[in-house]
Amino acid sequence: MADLIHCITNPISMMQCANAVLALGDKPIMAEHPLEVKEITNDASALLLNLGNISDSRMEAMKISFEAALFKELPIVLDAVGVACSELRRKFVLGLIKEREVVVLDKNSDYKGFFLIKGNNSEIKALLDENYRGIGVDADESLKKEDSISASIKLAASLNATVLCSGETDVITDGKETFLLSNGVSEMGNITGTGCMLGAICASFLAKEQCIDQVVKACAFFGIAGELAKEKLLENQKDMKESAGKIGCGSFLINLMDELSIVNEDIIEKRIKLQNV
């Protein structure tokens, strides 16, 4: 049965996120008007909040939907785009986190809603360290993988949440269990919106079951789709001497969308590159 995935995301990647959810057989809705989002979230199976290209109206809508999802105990994916470079975004995310803490305490630790905080290494560090600041929305290349693992574990443990630190190696942790996933290709970073798509895919997977294993599967699914897209493009180009070994961003995106519709559980099991820390 198809799940309704409510995505409040940025217009830069809205169509790609919607198509990623559709590729999984679910139904996306990208509603963001503050006067309708509570009603729509109440009908949804999962909520994605993405801070890319924020506005007053979108922030208001996110807060309303976040509250509705908390009380319905829906899985929530919070993609903390740009919190390292914008104090406005960081304070907004920290405010949502505090609100969740109040709800969880009110329910006497019986709260069942799954909370996933997603970000690159710079964004995860910014949520953990108020003195840290990055430039732009890209990952901080000066941060080592060990730093990202440590920051992710600390953040997850302190918030009683799950953290996905996406990058060349994805770190997925709830503070107790930690997984490292190395599926994917560099070409995925050359297209705007792939990180946003991963957030939507995580929401879709979590709508089926609220657990850390679903986050691992979502990341593997997306990374493997990227690998297959690259492999098929290179295979098609092997007889073309002028373009052999070169992959255009446009053709890669099209092939990536194709693969999202094709990858299944068997393919994931055969190709997943997973390490348990």
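The coordinates are above.
Residues numbered from 1 in each chain as written. Predicted model: local features only at pLDDT ≥ 70, side-chain atom pairs only at ≥ 80, totals over all residues. Heavy atoms only, no water.

**Q** For this particular structure, what's the right way to read the layout of surface pockets?
**A** Gaps left between atoms are located by rolling a probe of water-molecule size over the structure's atoms. Of the voids in this model, the largest pocket is the one considered here, and its volume is about 1400 Å³. Asn 120, Ala 139, Ser 166, Gly 167 and Gly 189 are the residues nearest the centre of the largest pocket, which is lined by 46 residues in total. The set of elements that each furnish at least two residues to the lining of the largest pocket consists of β5 (115-119), α5 (121-128), α6 (145-159), β7 (170-173), α7 (194-208) and α8 (212-237). Ranked by the residues each element gives to the lining of the largest pocket, the list is headed by α7, at 4 residues. Residues belonging to the lining of the largest pocket are distributed by class as follows: 14 nonpolar, 21 polar and 11 charged. There is about 350 Å³ of room inside the second largest pocket. Residue assignment for the lining of the second largest pocket shows that the elements contributing at least two residues are α4 (87-106) and α6. In terms of residue class, the lining of the second largest pocket is built from 8 nonpolar, 5 polar and 4 charged. (1 Å grid on protein atoms, 1.4 Å probe; cavity = no way out; pocket = protein on both sides within 12 Å on 5 of 7 lines; lining within 4 Å. Points joined across faces, edges and corners; volume = space filled by probe spheres on them. Helix = DSSP H or I, 4+ residues; strand = E, 2+ residues; numbered from the N terminus. Nonpolar A, V, L, I, M, F, W, Y, C, P; charged D, E, K, R; others polar.)

**Q** Teacher, can you tell me more about the side chain of Glu 187 here?
**A** Inspection of the secondary structure assignment puts Glu 187 in the loop between β8 (178-181) and α7. Within polar-contact distance, the side chain of Glu 187 engages the side chain of Lys 230 at 3.4 Å. Excluding anything up to four places from it in sequence, Glu 187 contacts Lys 230, Ile 247 and Phe 252. (Polar contact = N/O pair within 3.5 Å; in protein donor to acceptor, adjacent residues only side chain to side chain. Contact = heavy atoms within 4.5 Å.)

**Q** Just checking my understanding: could you explain unusual backbone geometry for this structure?
**A** The bulk of non-glycine residues show a negative phi, and the bulk of peptide bonds are trans. Positive phi outside glycine occurs at Asn 53, with the angle close to 50 degrees. With respect to the helices and strands, Asn 53 occurs in the loop between β3 (46-50) and α3 (56-72). Look at Asn 53 and you get partly exposed, because its relative accessible area is 39%. Unlike most non-glycine residues, Glu 73 shows phi in positive territory, near 60 degrees. Turning to its location among the elements, Glu 73 is positioned in the loop between α3 and β4 (76-79). (Buried < 20%, exposed > 50% of the residue type's maximum accessible area, 1.4 Å probe, protein only.)

**Q** Which parts of the structure should I look at to understand the nonpolar core?
**A** Soluble globular proteins: nonpolar side chains tend toward being buried together. Counting 49 residues, the largest nonpolar core has Val 215, Phe 252 and Leu 260 as the members making the most contacts within it. Here this core gets 13 residues from one element, more than from any other, and that element is α8. Look past the residues within four positions of Val 215 in its chain and what remains in contact with it is Phe 114, Leu 116, Leu 164, Ile 172, Cys 202 and Leu 206. Core analysis: the next-biggest nonpolar cluster, separate from the first, contains 43 residues, Val 93, Ala 126, Ala 156 and Val 171 among them. (Core = buried A, V, L, I, M, F, W, Y, C linked by side-chain atoms within 4.5 Å.)

Scope: geometric values only; no functional claims are made or implied.
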